[in-house]
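# A look at the structure
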Amino acid sequence: MEENNFTSGGGYTPYPAYQPCGQGGGLRFAPVSPEEKRAIKKNYSGAFWQAVIHSIGSLVLANIIFVAMTLSGYEFRLNDEGTQIIDTPYAIAAMLPSIVFCISLFLFDKGSSKNKLSDYFRSDRITAGTVFGFFGILMLVYPICIILQQILLTGCFAAGFSPLKEEYLSEDDLSVAYLVWDFVLGSLLAPIGEELFFRGVILRRLSTVSQRFAIFVSALIFGMMHGNLLQTILGFGIGVVFAYTAVKTGSLILPIAGHIFINTAALSTTVVTYLTDEDTSSAYWLGLLGVFFVIGMAALIIVLLKKKISFPRSTEYHSKRTFPIMLACVSFWVMAAVYVIDIVTKFGPVTDKLLE
């Protein structure tokens, strides 16, 4: 039963076998003992403090690398309109710190929990139907999130502000070397690192108390980690799909594969721009989103007809052990402050460049 996934003695099983909560039993209404509350709070705090370390540590390391690059003679480049040009060294320096912290924190958490690496990559619950449903729903959620991003952007502009400042705009310095590094870091290593951390650490820790709670809270943390309001929407949407699949299959295999798929699809637009022009790339991107939506809708209909989607249930047992205890964690409020400050500092006025 999901109620038994958490053990106050500290024994955490990575991704307990997916089982919806039972309808009866004394555990459903069991009060939280002081000992259990301390154990759950410690578990939550471990997850939230690691999220803070990832966020602040990645920022500090990136700035150290940028300073070192400047001292070694690297010149940060701007185009005629003052937009930052993202070349290969800049891209590596910007992406590598987060990847390093994601993998390092995962290895630390795995070691402290005494889990085997193979525990995170079990395949016995992955079937052809699971793969079809996962990628189908992912292809549906992705364009829906893109549409929501555009709606949010339009609403922000109408209200007189932008969720992104003009200086956060960038231009890719397209070359074969840049595309290769972008693929290696952005489409391979970043998805692997982020899934190891956000689903292998954050989701794992939270799911030992309540799987449903863990799916949505870990997805929100993943979305906010991206540091701006637009990416928060996309990160949360696909994060729910990744987290649900990790819980249901007890494995990181599909979340990693799906994350690589999504990032590669986004990168393909950059490749098309390099090979053709921006107008062709825009048409390609709209067409790709359309194909994703059609395939996703077909997959959703099939999955619903077969009743294959079933989120873990939540009972009074879980309500006593999730939000009340989470909100009592100092680490939660520190993490929330770090993320909110990061997002809010990206806000700026609406300029002509942003409207283009």
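The subject of this paragraph is the packing of helix α5 (residues 211-225) against helix α6 (residues 229-249). It is the contact of α5 with α6, at a shortest axis distance of 7 Å, that shows an interaxial angle of 145°. In the crossing of α5 with α6, the sense of the turn from one axis to the other is right-handed. Seen from α5, the contacting residues are Q211, I215, F216, S218, A219, L220, F222, G223 and M224; seen from α6, they are Q231, T232, G235, F236, I238, G239, V240, A243, Y244 and V247. When grouped by side-chain class, the residues that make up the contact of α5 with α6 number 12 nonpolar, seven polar and no charged.

Right, let's get into helix α7 (residues 253-275). Over its 23 residues, α7 runs 32 Å from end to end, which matches the ideal 33 Å to within 8%, given 1.5 Å per residue. All of the buried residues in α7 are L254, P255, I256, G258, H259, I262, A265, L267, S268, T269, T270 and V272. In the core, the buried residues of α7 are packed alongside α3 (128-158), β3 (170-172), α4 (176-207), α5, α6 and α8 (278-305).

This part covers the packing of aromatic side chains. Geometrically, a pair of aromatic rings is defined through the distance of the ring centres and the angle of the planes. Tallied over the entire structure, the rule returns 21 aromatic pairs. An angle of 70° between the planes, with centres 5.6 Å apart, marks the rings of F66 and F76 as edge-to-face. Of this pair, F66 sits in helix α1 (residues 34-71) while F76 sits in the loop between α1 and β1 (84-86), placing them 10 residues apart in sequence. Judged by relative accessible area, F76 falls into the partly exposed class, the value being 35%. The interplanar angle of 35° and the centroid separation of 5.1 Å between the aromatic rings of F66 and Y90 together place this pair among those described as tilted. Placement of F66 in helix α1 and of Y90 in helix α2 (residues 88-113) is noted, with a sequence separation of 24 residues between them. On the basis of relative accessibility, which here comes to 17%, the residue F66 falls in the buried class. On the basis of relative accessibility, which here comes to 18%, the residue Y90 falls in the buried class. These aromatic residues form a ring-pair network of at least three members: F134, F135, Y142, F242, F261, W285 and F292. R199 extends its terminal NZ or CZ atom over the ring of F222, reaching a point 4.3 Å from the ring centre. Residue placement shows R321 over the ring face of Y317; its charged tip is 3.8 Å from the ring centre.

Close contact between α7 and α8 brings their axes to 7 Å; oriented N to C, the two are set at 155°. As judged from the angle between their axes, α7 and α8 are roughly antiparallel. For the crossing formed where α7 meets α8, the hand is right-handed. In this structure, α7 uses F261, A265, A266, S268, T269, V272 and T273 to contact α8, whose residues at the interface are E278, T280, S281, Y284, W285, L288 and F292. When the residues that make up the contact of α7 with α8 are grouped by side-chain class, the tally is eight nonpolar, five polar and one charged.

Turning our attention to the nonpolar core. Most often, soluble globular proteins have nonpolar side chains that are buried together. Membership of the largest hydrophobic core comes to 60 residues, with the highest contact counts inside it found for Y44, F48, Y142, L206 and I221. The residues contacting L206, other than those within four sequence positions of it, are Y44, A47, F48, F213, A214, V217 and S218.

Bending of α4 peaks at approximately 35° at the position of L189, with proline P191 no more than four residues after it. Counting buried positions along α4 yields 23 of 32 residues, so the element is predominantly enclosed.

Our next topic: the environment of K110. Note that K110 resides in helix α2. Residue K110 is classed as buried on the basis of its relative accessible area, which comes to 18%. Taking the C-alpha atoms as reference points, K110 and E194, separated by 84 residues in sequence, lie 15 Å from one another. If sequence neighbours within four positions are ignored, K110 has contacts with N115, K116, L117 and Y120.

All right, on to unusual backbone geometry then. Positive phi outside glycine occurs at K307, with the angle close to 55°. Structurally, the position occupied by K307 is in the loop between α8 and α9 (316-321).

What follows concerns a negative patch on the surface. On the surface, D80, E81, E171, D172, D277, E278, D279, D352 and E356 cluster together into a negatively charged patch. Contributing elements (two or more residues each) for the negative patch: β3 and α8. As for its placement among the helices and strands, D172 is situated in strand β3. Taking relative accessible area as the criterion, D172 reaches 32% and is therefore assigned partly exposed.

With that settled, consider the side chain of T249. One can find T249 in helix α6. There is a polar contact of 2.7 Å between the side chain of T249 and the backbone oxygen of T245. Separated by 3.4 Å, the side chain of T249 and the backbone nitrogen of S251 make a polar contact. When near neighbours in sequence (up to four residues on either side) are disregarded, T249 contacts R122, R125, I126, T130 and L254.

Thresholds applied
- Residues numbered from 1 in each chain as written.
- Predicted model: local features only at pLDDT ≥ 70, side-chain atom pairs only at ≥ 80, totals over all residues.
- Heavy atoms only, no water.
- Axes fitted to C-alpha atoms, helices over the stretch in contact; angles between N-to-C directions.
- Helix = DSSP H or I, 4+ residues; strand = E, 2+ residues; numbered from the N terminus.
- Left-handed = near helix turned anticlockwise from the far one by under 90°.
- Contact = heavy atoms within 4.5 Å.
- Nonpolar A, V, L, I, M, F, W, Y, C, P; charged D, E, K, R; others polar.
- Expected span 1.5 Å × (residues − 1).
- Buried < 20%, exposed > 50% of the residue type's maximum accessible area, 1.4 Å probe, protein only.
- Phe/Tyr/Trp six-rings, centres within 6.5 Å; stacked < 30°, edge-to-face > 60°.
- Lys NZ or Arg CZ within 6 Å of the ring centre and 35° of its normal.
- Parallel < 35°, antiparallel > 145°, perpendicular 65-115°, else oblique.
- Core = buried A, V, L, I, M, F, W, Y, C linked by side-chain atoms within 4.5 Å.
- Bend = angle between axes of the 7 residues up to and from the residue.
- Patch = residues over 30% accessible without salt bridge, like charges linked within 9 Å, V, L, I, M, F, W, Y side chains within 5 Å.
- Areas by Shrake-Rupley, 256 points an atom, 1.4 Å probe, with all protein chains shown as cover.
- Salt bridge = Lys/Arg side-chain N within 4 Å of Asp/Glu carboxyl O.
- Lys, Arg positive; Asp, Glu negative; His and termini not counted.
- Charge placed at Lys NZ, Arg CZ, Asp CG, Glu CD.
- Polar contact = N/O pair within 3.5 Å; in protein donor to acceptor, adjacent residues only side chain to side chain.

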